[in-house]
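Overview (structure and organization)
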Amino acid sequence: AQSVTQPDIHITVSEGASLELRCNYSYGATPYLFWYVQSPGQGLQLLLKYFSGDTLVQGIKGFEAEFKRSQSSFNLRKPSVHWSDAAEYFCAVGDSGGYQKVTFGTGTKLQVIP
Amino acid sequence: EAGVAQSPRYKIIEKRQSVAFWCNPISGHATLYWYQQILGQGPKLLIQFQNNGVVDDSQLPKDRFSAERLKGVDSTLKIQPAKLEDSAVYLCASSLGRQGRTDTQYFGPGTRLTVL
């Protein structure tokens, strides 16, 4: 069964600092990978996704993620964090088979301090 | 393009009462998902529809939860009777649902349910 681990429950960074959120997945074949962001009281918004091809994926709001098959990782990065990036971030792995099932991690809550 | 619509946004009920949530997906999206998100956790899939058929309801507590998607468009999720542990945000999502690939899911704002 597919699964996702986000080892950091809560991360605090200073505004302007760089950010890396960790994500490890378990899936038998080549996975579909996603990062979503959820602001308080809102639904989830897609930041970026990896299906195939270039392992460095660019997303919205200046985020990027790198797929590393050897490490089963898909870490999310941003070079300079803005206060508006404070939110909860979810990594997810999708089934490349027929039913498109997506499994989410438990999330990492990002706090940004001025 | 209109997004995924959900109603109500908030609901407070007492345990053993019943409640229903409604979801209208993005037009043309064949796949519709209902997720339960308990505070501090990631979304957990309850049920997945492809058009008006169920493809995965393995984590749906069928003794109290039910869902339908009439005519392959909008959907209703019902809880009867509710328990305290059902307090959560219920998220609806939809995707194109193309054969053999995992399309991006687009989420609605969710319904926050509080069971007292």
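In short, a report on the structure.

Our focus in this paragraph is the side chain of T31(B). Residues and elements named next belong to chain B. Residue position: T31 is located in strand β4 (residues 31-37). Given the relative accessible area of 0%, T31 is considered buried. Within the local environment of T31, its side chain forms a polar contact with the side chain of Q50, the two groups lying 2.5 Å apart.

Before going further, it helps to spend a moment on the pattern of salt bridges. This model, assessed by the stated rule, comprises seven salt bridges over all chains. Among the salt bridges present, the one from D57(B) reaches K62(B), with a minimum N-O distance of 3.7 Å. A salt bridge links D86(B) to R64(B); the shortest N-O distance between them is 2.5 Å. Taken together, the residues span a long stretch of sequence, with D86(B) in the loop between β8 (75-79) and β9 (88-95) and R64(B) in the loop between β6 (53-56) and β7 (65-68) at a distance of 22 residues. The residues D86(B) and R64(B) share a single accessibility class, namely buried. Three or more residues joined by partner-sharing salt bridges are found here, namely E64(A), E66(A) and R77(A).

Approximately 510 Å³ is the volume found for the largest pocket. Mapped by element, the contributors of at least two residues to the lining of the largest pocket are β10 (87-94) and β12 (108-113) of chain A together with β9 and β11 (111-115) of chain B. Looking at the lining of the largest pocket residue by residue, the classes come out as twelve nonpolar, ten polar and four charged. Each pocket or cavity is described by its volume, and for the second largest pocket that value is around 210 Å³. If you trace the second largest pocket, you find 14 residues lining it, with F104(A), G42(B), P43(B), K44(B) and L45(B) closest to the centre. Contributions of two or more residues to the lining of the second largest pocket are made by β11 (102-104) of chain A together with β5 (44-50) of chain B. With three residues, the top contributor of residues to the lining of the second largest pocket is β11(A). In terms of residue class, the lining of the second largest pocket is built from five nonpolar, seven polar and two charged.

This paragraph deals with the interface of chain A and chain B. With 23 residues of chain A in contact, the opposing surface of chain B contributes 26 residues. Note on chain A versus chain B: buried area summed over both sides is about 1,900 Å², and carbon and sulfur give 47% of it. Applying the counting rule to chain A against chain B returns one salt bridge. D56(B) is the partner of K101(A) in a salt bridge, and the nearest nitrogen-oxygen pair spans 3.8 Å.

Here the focus is the environment of Y32(A). In this structure, Y32(A) sits in strand β5 (residues 32-38). Sequence separation between Y32(A) and Y50(A) is 18 residues, and the spatial gap between their C-alpha atoms is 5.8 Å.

Moving on, we get to the environment of T108(A). Residue and element names in this part refer to chain A. Here T108 shows up in strand β12. For T108 and I9, which are 99 residues apart along the polypeptide, the C-alpha to C-alpha distance reads 4.7 Å. Contact partners of T108, with chain neighbours within four places excluded, come to Q6, D8, I9, I11, L21, A87, E88 and Y89. A polar contact is formed between the side chain of T108 and the side chain of Q6, at a distance of 3.5 Å. A polar contact of 2.6 Å, which involves the side chain of T108, links it to the backbone oxygen of D8.

Turning our eyes to something else, we now look at the sheet that holds β8(B). All names here are of chain B. Strands sit in the order β1-β3-β8-β7 across an open sheet of four strands; the sheet is antiparallel. If you trace the sheet from one side to the other, it starts and ends with β1 (5-7) and β7, each paired once. Across the sheet, the axes of successive neighbouring strands diverge by a mean angle of 15°, strand direction being ignored. Bridge count for β1 against strand β3 (residues 19-24) is three bridges, and the pairing is antiparallel. Among the inter-strand pairings, S7 is bridged to a residue of β3, identified as W22.

Take the state of the cysteines next. All names here are of chain A. Enumeration according to the criterion identifies two disulfides over all chains in this entry. C23 shares a disulfide with C91; S-S distance 2.0 Å. Residues C23 and C91 are joined by a disulfide whose S-S torsion is about -65°; by sign, that bridge is left-handed. Here C23, found in the loop between β3 (19-21) and β4 (24-26), pairs with C91, found in strand β10; they are 68 residues apart in sequence, far enough to count as distant.

Basis of the calculations
- Residues numbered from 1 in each chain as written.
- Chains lettered and ligands numbered in written order.
- Predicted model: local features only at pLDDT ≥ 70, side-chain atom pairs only at ≥ 80, totals over all residues.
- Heavy atoms only, no water.
- Helix = DSSP H or I, 4+ residues; strand = E, 2+ residues; numbered from the N terminus.
- Buried < 20%, exposed > 50% of the residue type's maximum accessible area, 1.4 Å probe, protein only.
- Polar contact = N/O pair within 3.5 Å; in protein donor to acceptor, adjacent residues only side chain to side chain.
- Salt bridge = Lys/Arg side-chain N within 4 Å of Asp/Glu carboxyl O.
- 1 Å grid on protein atoms, 1.4 Å probe; cavity = no way out; pocket = protein on both sides within 12 Å on 5 of 7 lines; lining within 4 Å.
- Points joined across faces, edges and corners; volume = space filled by probe spheres on them.
- Nonpolar A, V, L, I, M, F, W, Y, C, P; charged D, E, K, R; others polar.
- Contact = heavy atoms within 4.5 Å.
- Buried area = accessible area lost by both parts, 1.4 Å probe.
- Pairing = 2+ DSSP bridges.
- Axes fitted to C-alpha atoms, helices over the stretch in contact; angles between N-to-C directions.
- Disulfide = S-S within 2.5 Å.

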